[in-house]
Amino acid sequence: MNLNELKKKLQPELQPHVVMGETIFIHRPNGRDFAQCNDVANTLILCVKDENGDPIFSCEDIDGRINVGSIDFVIQNEIYTAIVGLIAESNPADEIEKK
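Keep in mind that what you see is a predicted model, and the values were worked out from it rather than measured.

Before we move on, can you summarise the environment of Ile87 with the specific residues and values?
Looking at the secondary structure, you find Ile87 in helix H4 (residues 73–89). When its relative accessible area of 37% is taken as the criterion, Ile87 is described as partly exposed. For the pair formed by Ile87 and Arg28, sequence separation is 59 residues and the distance between their alpha carbons is 5.9 Å. Sequence-distant contacts of Ile87, defined by excluding residues within four places in its chain, comprise Arg28 and Pro29.

Kindly report on the sheet that holds strand E2 (residues 22–26), identifying the contributing residues and their values.
Overall, antiparallel pairing links the three strands, which are arranged E1-E2-E3 in an open sheet. For this open sheet the edge positions go to strand E1 (15–19) and strand E3 (48–49), each flanked by a neighbour on one side alone. Direction of pairing for E1 relative to E2: antiparallel, over a ladder of five bridges. Opposite His17, over in E2, you have Ile24 as the bridge partner. Against the sheet, H4 engages E1, E2 and E3, with an angle of about 155° to E1.

Rules of the game
Residues numbered from 1 in each chain as written. Predicted model: local features only at pLDDT ≥ 70, side-chain atom pairs only at ≥ 80, totals over all residues. Heavy atoms only, no water. Helix = DSSP H or I, 4+ residues; strand = E, 2+ residues; numbered from the N terminus. Buried < 20%, exposed > 50% of the residue type's maximum accessible area, 1.4 Å probe, protein only. Contact = heavy atoms within 4.5 Å. Pairing = 2+ DSSP bridges. Axes fitted to C-alpha atoms, helices over the stretch in contact; angles between N-to-C directions.

Set out below in structure tokens:
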């Protein structure tokens, strides 16, 4: 068994999501991050990535990232709703059973 391959397969899959004409990538929280996804800001920080899988948002002003507190709440909520939709629409256990 190749543990590295299995680890990659078990990670949440990045899904493209278009916001204001720009494509970002969202995913369901992983087991480690799930407890920290207790509000909109934390969920965006942990579950929104760029095309390379790097975080886009942070909770403070960091070079190369967007302070999640500085963006319009309507946009925050749109992205958050899309992430919650990923959680609601797919049950990983069902996907494993199908295979």
